[in-house]
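Residues per chain are reported as follows:
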Amino acid sequence: MKPFTFDTAHSIVFGAGVSGRIGELALQRLCGPASGEAASDGANARVLLVTDQGVVAAHLLDPALRSLRAAGLATEVFDGVVADPPEAVVLAAVAQARAMRATAVIGFGGGSPMDTAKLVALLARTGAALGDIYGVGKAVGPRLPLMLVPTTAGTGSEVTPVAVVTTGAREKQGVVSPLLLPDVALLDPELTYGLPHHVTAATGVDAMVHAIEAHESLNPNNNPLSRLLAREALRLLGDGIRSAVREGTHPEARCQMMLGAMLAGQAFANSPVAAVHALAYPVGAHFHVAHGLSNALVLPHVLRFNCETDGGAYAGVAPALFPFLAGTPASRRGLALADALAHLIEEIGLPTRLRDVAAGNGNRAGREVLPGLARDAMKQTRLLVNNPRPLSEADALGIYEAAW
Ligand SMILES: NC(=O)c1ccc[n+]([C@@H]2O[C@H](COP(=O)([O-])OP(=O)(O)OC[C@H]3O[C@@H](n4cnc5c(N)ncnc54)[C@H](O)[C@@H]3O)[C@@H](O)[C@H]2O)c1
Ligand SMILES: [Fe+2]
């Protein structure tokens, strides 16, 4: 067996309604002596809670703020995060943290607020410049004590060492460092009850892609723990997604989605994703569609491409997501998985063709944009090296043509 490393959040707290205890947990885990603070009664603690307007409008914050203040923690809110956060937003949040001399940071929302909070915890403490820490292992600590509270079930950011920032009109960069793993990941499925059905669907597919790509990743650190977690993630996500989309307050389905997304996050945090994400990033950037939907649009086509040279690809992972595929011969399971996913994506109400998003949402692009997308996808070498099959620019264009 190959040696491997597996990192995750220091502590994971999961349960329906558990965010009502956020004040008590923050006091114990972010303000005690373990966090480097002399006082453990919260008297000197100043918490910055990082979130976005959608989370505020959904009234998810009020109980959390009451709980934090009841625990005696002075708390300020930064609610200026936007989806796919640009550098300017991260810097504005860092400035607020510095101005209030924050002693701890809480990220509360989807991947966008959680990623922003990770960078705030790091930059507010060290004074480093954001531009200097893009890439793998460039960040230097220490960081402020950090808690992450997801309100979508998709990115798994609460357990990944990654923060993604939009750096130009159409480019994203990642900061990758174990320093970004939080002290506490607090998972309360009730926070997702009001998530709109299209966000539930898109973020749920994002989580599935994390698990599928982690399981098959060519990364040298692909490991048995990640594969085990990926299969369990897919079992939970496959079981829960239709009910969660249809009936947002379905307690069991929301638990399955939130736990499944977190397990998928743990899997890909230690066995990184590949070509589906590499080809999804340009789609999101050019057509301004959500991360999960970008993944859904290219997913079946990348899987079919990967199966062309290896009929047995995905044979181990397919039945975890779709138990009926256990009866399909291993040599045909990968293609059957691609077909079943295409069907599921349509069933949960997501657009299925690139041309659907290229022509809507304020966009007017025709298929002449596809070579530009293929060129941009090739910049994601960090991800492409993990793909089970080598992929050229011509291959990327072929996949976009198939997805158009
Ligand atoms: N760090 C990582 O490991 C990682 C992994 C994948 C993606 N990402 C990044 O995460 C971001 C995407 O995150 P996301 O898909 O969670 O979306 P998001 O955080 O951008 O949120 C999407 C929308 O949903 C709303 N929302 C969130 N929770 C809600 C709730 N409970 N009820 C109602 N509305 C709610 C938000 O206000 C927002 O409008 C992208 O920037 C992507 O690059 C990070
Ligand atoms: Fe993703």
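As named in an unreviewed UniProt entry, the protein chain is Alcohol dehydrogenase class IV, taken from Camelimonas lactis. Listed under Sequence similarities (unreviewed entry) in UniProt, the entry text for the protein chain is "Belongs to the iron-containing alcohol dehydrogenase family." Looking at the protein chain in UniProt, the text filed under Cofactor (unreviewed entry) is "Fe cation".

A. Spatial organisation of the domain arrangement of the protein chain. On domain assignment, one finds that the protein chain holds domain 1 (11-192) and domain 2 (200-244 + 252-403). Look at where the C-alpha atoms of domain 1 and domain 2 centre, and you get two points 27 Å apart. Tallying the contact residues gives 19 residues for domain 1 and 22 residues for domain 2. Residue composition of the side of domain 1 that touches domain 2, grouped by class: eight nonpolar, seven polar and four charged.

B. A look at the site of ligand 1. Taken together, 32 residues lie around ligand 1, and Gly54, Gly110, Gly111, Ser112 and Thr160 are the ones closest in. Those elements giving two or more residues to the shell around ligand 1 turn out to be α2 (53-57), α5 (111-126), β7 (162-166), α6 (197-216) and α10 (291-309). For the shell around ligand 1, the element with the most residues is α5, which contributes four residues. Viewed by domain, the shell around ligand 1 spans two of them, domain 1 (11-192) and domain 2 (200-244 + 252-403), each represented by three or more residues.

C. Focus on the environment of Phe6. Residue placement: Phe6 occurs in the segment before β1 (11-14). In contact with Phe6, other than residues within four places in its own chain, are Asn223, Leu225 and Asn270.

D. The UniProt feature "domain: Alcohol dehydrogenase iron-type/glycerol dehydrogenase GldA" (unreviewed entry) in the protein chain, seen in detail. In this numbering, the UniProt entry assigns the feature "domain: Alcohol dehydrogenase iron-type/glycerol dehydrogenase GldA" (unreviewed entry) to residues 43-189. Measuring from the first to the last C-alpha atom of residues 43-189 gives 31 Å, for a span that is 30% helix and 29% strand.

E. Geometry of unusual backbone geometry. A cis amide bond links Gly141 with the next residue in sequence, Pro142, at an omega value of 0°. Its place among the elements puts Pro142 in the loop between β5 (135-136) and β6 (146-150). In this model, His59 sits at a positive phi of 60°, which is unusual for a non-glycine residue. Assignment of secondary structure puts His59 in the loop between α2 and α3 (61-70). Judged by the 9 C-beta atoms lying within 10 Å of it, His59 falls in the exposed class. Phi at His288 takes a positive value of approximately 55°, unusual for a residue other than glycine. Here His288 is to be found in the loop between α9 (275-287) and α10.

F. Looking closely at the sheet that holds strand β3 (residues 74-81). Spatially, the six strands line up as an open sheet ordered β1-β9-β6-β4-β2-β3, and their pairing is parallel. Since the sheet does not close on itself, it has two edges, and those belong to β1 and β3, each with one partner. Geometrically, the sheet is characterised by an average inter-axis angle of 20° between neighbouring strands, direction not taken into account. In the sheet, β1 pairs with strand β9 (residues 184-187) via four bridges, with the strands oriented parallel.

G. Summary view of the nonpolar core. Judged by nonpolar contacts, the single largest core of 143 residues is most densely connected at Ala26, Val50, Val105, Val120 and Ala233. Looking at this core, the element that brings in the most residues is helix α8 (residues 251-270), giving 12 residues. Here this core gathers at least three residues from each of two domains, domain 1 (11-192) and domain 2 (200-244 + 252-403). When sequence neighbours within four positions are dropped, the list of residues in contact with Val105 reads Leu48, Val50, Ala97, Ala117, Val120, Ala121, Leu144 and Leu146.

H. Representation of the pairing of β9 within the structure. Judged by which residues are buried, β9 turns out to be covered on both faces: Val184 and Leu186 on one side and Ala185 and Leu187 on the other are all buried. Sheet topology places β6 next to β9; two bridges connect them, and they run parallel. Among the inter-strand pairings, Leu148 is bridged to a residue of β9, identified as Ala185.

Thresholds applied
- Residues numbered from 1 in each chain as written.
- Chains lettered and ligands numbered in written order.
- Predicted model: local features only at pLDDT ≥ 70, side-chain atom pairs only at ≥ 80, totals over all residues.
- UniProt positions renumbered as here; feature names shortened; annotations may be inferred.
- Domains from an automatic or database assignment.
- Contact = placed C-beta atoms within 7 Å.
- Nonpolar A, V, L, I, M, F, W, Y, C, P; charged D, E, K, R; others polar.
- Near = placed C-beta within 6 Å.
- Helix = DSSP H or I, 4+ residues; strand = E, 2+ residues; numbered from the N terminus.
- Buried ≥ 20, exposed ≤ 12 C-beta atoms within 10 Å, placed from the backbone.
- Pairing = 2+ DSSP bridges.
- Axes fitted to C-alpha atoms, helices over the stretch in contact; angles between N-to-C directions.
- Core = buried A, V, L, I, M, F, W, Y, C linked by C-beta atoms within 7 Å.

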